[in-house]
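As a plain string of letters, each chain reads:
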Amino acid sequence: MRRIADLEPRAHTTLRGRSVDRVVYSLFACALFLALVFLWHRSYERSCLALAFPALIALAIFCGLLEYRLERRRFAVDYYLDRRSFLHRRLQRTWLPGSISLAAAVPLAAFLVVFAALARPTDWLFFGAAAAIAPLAFHALSCWPGRHFRRDAGGAERRTTVADILAARIAGTLVLVGVTGAYLLANYYLIPVPGEDIFPDSLERTLEAFSARGRSACPVVDDTLPFAAQVEGLSWYFVTTAATSPWMQDGMRLLLWTGFFLNAAVVFGAFVRGLEGSMLLACRIAGPYRGAG
């Protein structure tokens, strides 16, 4: 019979190989999600077939939100409710967290696809940084503090563990704070405003210039995106002209800047949620990781 000590090196090698597989799968999943957002940016002006990309983006965001809400639901139901109660049986179903996740995923995806369609070249630097950092942070947090989390999957039909879900959410939150803060500071201090589309002496010309960027051959996109582009142009106009005017009150100036920054936070929040969903989907493919401890 083989001794246990003889099996430990092989087990350690298998564990390390599985960990490397998870990193590779997560990096590939995040790169694929970034590619979907970029392909939408490059194709929204063409046919309505480009709408397949927003649908896939919304699906990734939905998967991330659903996994997290299912785990929260499972904890709350099992902790607070008696297993013999009919409420326990009713709330064990997935329709409620699924509906909530879908209701949150659709507007988040809408913010993201509108922003991505009109994104400037510098915006993609921050998208790329988030897509590269998120899987590395996910792997690091899976080792610690993730090794202290429970690794049960919460059901035979699920292959993502509690540790996967919590590590992905913590990693996503850290990446969201870091990337959003860097984006806001860079746009305030380093990145110049789109001056070619802003006419300080004419709000109408500014709106026309921004609206032209949202034109598409697809009627659905052409009916909605130019309006969103006009809203963006309006915000840029007020931020760069009215917000710096001496007649503007301090309270109104603060409100304008808050709205301008809040839009960026929502957009990157949607992008990070999509990254979380992509990583958790990758965990289903790679299989559950049984860490030490």
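About the thresholds
Residue positions within a chain follow its written sequence, with the count starting from 1. The predicted origin of the model limits local features to residues at a pLDDT of at least 70 and limits the giving and counting of side-chain atom pairs to 80 or more, whereas totals for whole chains, interfaces and linings rest on all residues. Note that the side-chain values use all heavy atoms of the structure and ignore hydrogens as well as water. A helix here means a DSSP run of H or I that spans at least four residues, while a strand means a run of E at least two residues long, and both kinds are numbered starting from the N terminus. Only protein chains enter the accessibility calculation, which uses a 1.4 Å probe. A residue is then buried if its area is under 20% of the maximum for its type, exposed if over 50%, and partly exposed in between. Computed by Shrake-Rupley with a 1.4 Å probe, the accessible areas treat only the displayed protein chains as cover when residues are assessed. Contacts are assigned to residue pairs that have any heavy atoms within 4.5 Å of one another. In this analysis, rings of Phe, Tyr and Trp, with Trp reduced to its six-membered ring, are considered paired at centre separations within 6.5 Å, and the interplanar angle assigns stacked below 30 degrees, edge-to-face beyond 60, and tilted for intermediate values. Charge-over-ring placement is defined geometrically: NZ (Lys) or CZ (Arg) within 6 Å of the ring centre, and within 35 degrees of the ring normal. To estimate how far a helix should extend, the number of its residues minus one is multiplied by 1.5 Å. Angles run from 0 to 180 degrees between N-to-C directions of axes, and those axes are lines fitted to C-alpha atoms, restricted for helices to the stretch in contact. Note that the term roughly parallel is reserved for angles under 35 degrees, roughly antiparallel for angles over 145, roughly perpendicular for angles of 65 to 115, and oblique for everything else. Crossing handedness is defined as follows: a turn of the near helix away from the far one that is anticlockwise and smaller than a right angle gives a left-handed crossing, while the clockwise case is right-handed. Any residue outside Ala, Val, Leu, Ile, Met, Phe, Trp, Tyr, Cys, Pro, Asp, Glu, Lys and Arg is labelled polar, Gly included; the first ten of those are nonpolar and the last four are charged. What counts as a salt bridge is simple: a side-chain nitrogen of Lys or Arg found within 4 Å of a carboxyl oxygen of Asp or Glu.

Visitor: Mind showing me how you'd approach the overall build of the protein here?
Guide: Helix and strand content of the protein: nine helices and zero strands. When the helices and strands of the protein are read in sequence order from the N terminus, they spell out α-α-α-α-α-α-α-α-α. Counting every position in the protein, which comprises 293 residues, the buried fraction comes to 43%. Total accessible area computed for the protein in this model is approximately 16100 Å², and 67% of it derives from carbon and sulfur atoms.

Visitor: Looking at this structure, I do not really get the side chain of threonine 206. What am I missing?
Guide: Looking at the element boundaries, threonine 206 is found in helix H7 (residues 203-212). Here threonine 206 falls in the buried class, since its relative accessible area comes to 0%. The residues contacting threonine 206, other than those within four sequence positions of it, are Asp197, Ile198, Phe199, Gly233 and Tyr237.

Visitor: Would you mind going over the packing of aromatic side chains with me for this structure?
Guide: Aromatic ring pairs are described here by two measures, namely the spacing of the ring centres and the angle between the planes. Overall, the coordinates contain 12 aromatic pairs when judged by the stated rule. Relative to phenylalanine 271, the ring of phenylalanine 127 lies with its centre 4.7 Å away and its plane at 45°, an arrangement referred to as tilted. Residue phenylalanine 127 is found in helix H5 (residues 123-143), and its partner phenylalanine 271 is found in helix H9 (residues 250-286); the two are separated by 144 residues along the sequence. Neither phenylalanine 127 nor phenylalanine 271 differs from the other in exposure class; each is buried. Following the ring pairs from residue to residue traces out a cluster consisting of Phe33, Phe38, Phe115, Trp124, Phe126, Phe127, Tyr183, Phe268 and Phe271. Over the ring of phenylalanine 199 we find arginine 205, and its NZ or CZ is 4.1 Å from the ring centre.

Visitor: What should I look at first to understand helix H8 (residues 219-240) in this one?
Guide: Since the α-helix turns once every 3.6 residues, residues separated by three or four places project in the same direction. For H8, with 22 residues, the first-to-last C-alpha span of 32 Å sits near the 32 Å given by 1.5 Å per residue. Looking only at H8, the buried set comprises Val221, Leu225, Pro226, Ala228, Ala229, Gly233, Trp236, Tyr237 and Val239.

Visitor: I'm lost on the packing of helix H2 (residues 52-80) against helix H6 (residues 162-189) in this one. Help?
Guide: Axis angle and axis distance: for two packed helices, these are the angle between their axes and the distance between the axes, and together they describe the pair. Contact geometry for H2 and H6: axes closest at 10 Å, N-to-C directions at 120°. With respect to H6, the element H2 is oriented oblique. In this structure, H2 crosses over H6, and the sense of that crossing is left-handed. Facing Leu65, Glu67, Tyr68, Glu71 and Arg74 of H2, the residues of H6 in contact are Val162, Ile165 and Arg169. Residue composition of the contact of H2 with H6, grouped by class: four nonpolar, no polar and four charged.

Visitor: Any chance you could explain the pattern of salt bridges here in plain terms?
Guide: Pairing is possible between side chains of opposite charge, provided their charged atoms come close. Applying the stated rule across the entire model yields seven salt bridges. Note that arginine 84 is salt-bridged to aspartate 82, the shortest N-O span being 3.0 Å. In this structure, the salt-bridge partner of aspartate 222 is arginine 215, at a minimum N-O distance of 3.7 Å. Each of Arg169, Arg273 and Glu276 takes part in a single network of salt bridges with overlapping partners.

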